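# Fold and geometry: a report
Letter by letter, the chains look like this.
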Amino acid sequence: MAKISGAKKPEINELVRTSDRITFLYVEHAKIDRQDSAIRIVEAEGTVNVPSALISVILLGPGVDVTHRAMELMGESGMAVLWVGEQGVRMYAHGRSLNHSSRFLESQARLVSNTRSRLRVARKMYLLRFPDQDVSKLTMQQLRGKEGARVRRIYLEEAKRTGVAWTKREYKVDDFESGTPINKALTSAHQALYGLAYSVIVALGASPGLGFVHTGHDLAFVYDFADLYKTKYSVPVAFEQTAKYGNQDISRHVRKAMRDLFAERKILPQMVSDLKYLLEIDDDTEAEVLSLWDDKVGLQKFGVQYHDRG
């Protein structure tokens, strides 16, 4: 049998923590292979090796040829792998999460399944956006109205700050190029933010589909979570890049600016902290735990041979 190259599969506690990783890497029209514990990206411009354990999420765009060995390394490293469309606008598929524990998922399901706790989490989301206001007694309708007014105000403020003409937010899902430069920039910036939010959610073992504000979509919670950061990150970047480049390859410029901003502002640790706060996870453990459920005596050890006690 031929010897398989590369380092041995790491244990969960040997991997770089989610909050300490860099954000995302977008690749298109390239060949991806494995070189020891790094993914090797071969493009027309040259070849680069990227340590797999340091990447939170890799976005595979059109024209990517990825080997089985590269995918094996990504999975072992807990890297979220997303297959996306041109310009990163659509997501088609994804890989397994880093965290093999179900604590986040169970807490999320419990919170979203009860009207009171669901409203409590929704209010916590809005509180992160309005830290100086009391939203403890606001209804969902009042919260939505307050958020809508805030977003409209931010768009106008950013337009004035950057000098970019602004009318309204609009885009066609099936025709990205038909949008205005600022709307294309906003779409690209939001998509980068969605990708990072998605990677944090699945890396910690929560569900992208169990939303508290958004509902009925397999990415509902991604939209919930990403909304916490749009006015701070993606909206300003979109306006700034549009003011600088207009319609000139705006999507690429926006993605690069978002990547740099994510690294500079250290958004990953903040996202991990915010997700734990929202889902009421109060410890700092990211371990793999598997138990057996029992309706009489609670959780029992896995991997033990149990006997019938008649």
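Residues numbered from 1 in each chain as written. Predicted model: local features only at pLDDT ≥ 70, side-chain atom pairs only at ≥ 80, totals over all residues. Heavy atoms only, no water.

The protein chain carries the name CRISPR-associated endonuclease Cas1 in an unreviewed UniProt entry, which gives Lactobacillus corticis as its organism.

### Let's talk about helix H1 (residues 68–77)
Along H1, the positions that sit buried rather than exposed are Ala70, Leu73, Met74, Glu76 and Ser77. Seen end-on, H1 carries its buried residues on one side only, within an arc spanning 165°. Exposed and oriented more than 90 degrees from the buried face of H1 are His68 and Gly75. The inward-facing, buried residues of H1 abut strand S2 (30–35), strand S3 (38–43), strand S5 (55–60), strand S6 (64–66) and strand S7 (80–84). Positive phi shows up at Gly78, right after H1, with a value of about 75°. (Buried < 20%, exposed > 50% of the residue type's maximum accessible area, 1.4 Å probe, protein only. Helix = DSSP H or I, 4+ residues; strand = E, 2+ residues; numbered from the N terminus. Arc of directions from axis to C-beta. Contact = heavy atoms within 4.5 Å.)

### A closer look at the confidence of the model for the protein chain
Looking at the protein chain, the pLDDT average stands at 81 and 79% of residues meet or exceed 70. Within the protein chain, helix H7 (residues 230–245) carries the highest mean pLDDT (96), whereas strand S9 (residues 291–292) carries the lowest (54). Across residues 1–7, confidence stays below pLDDT 50; counting only partners more than four residues off in sequence or on other chains, it has nine contacts. Scored below 50 in pLDDT, residues 286–290 makes 12 contacts in the model with residues more than four places away or belonging to other chains. (pLDDT = per-residue confidence, 0-100.)

### Some remarks on the packing of aromatic side chains
Under the definition given, this model contains nine aromatic pairs. The interplanar angle of 65° and the centroid separation of 5.8 Å between the aromatic rings of Phe212 and Phe221 together place this pair among those described as edge-to-face. With respect to class, Phe212 is no different from Phe221; both count as buried. For the ring pair Phe225 and Tyr229, a centre distance of 5.5 Å and an interplane angle of 85° mean the geometry is edge-to-face. Judged on exposure class, the residue Phe225 and its partner Tyr229 are both buried. Members of the aromatic cluster, joined through ring pairs, are Phe212, Phe221, Phe225, Tyr229, Tyr233 and Phe262. Looking at Arg129, its charged tip hangs above the ring of Tyr126, at a distance of 4.7 Å from the centre. Lying over the aromatic face of Phe130, Arg150 brings its terminal NZ or CZ to 5.4 Å of the ring centre. (Phe/Tyr/Trp six-rings, centres within 6.5 Å; stacked < 30°, edge-to-face > 60°. Lys NZ or Arg CZ within 6 Å of the ring centre and 35° of its normal.)

### As for the sheet that holds S2
Strands belonging to one sheet form pairs held by backbone hydrogen bonds; the direction of such a pair is parallel or antiparallel. Reading across from one edge, S4-S3-S2-S6 is the order of the four strands in this open sheet, with mixed pairing throughout. Strand pairing shows two members of the sheet lacking a second neighbour, strand S4 (46–51) and S6, which therefore form its edges. Sheet twist, expressed as the mean angle between neighbouring strand axes with direction ignored, is 25°. With five bridges connecting them, S2 and S3 associate as antiparallel partners. Following the sheet pairing, Arg34 is matched in S3 by Ile39. Relative to the sheet, H1 contacts S2, S3 and S6, its axis offset from that of S2 by approximately 65°. (Pairing = 2+ DSSP bridges. Axes fitted to C-alpha atoms, helices over the stretch in contact; angles between N-to-C directions.)

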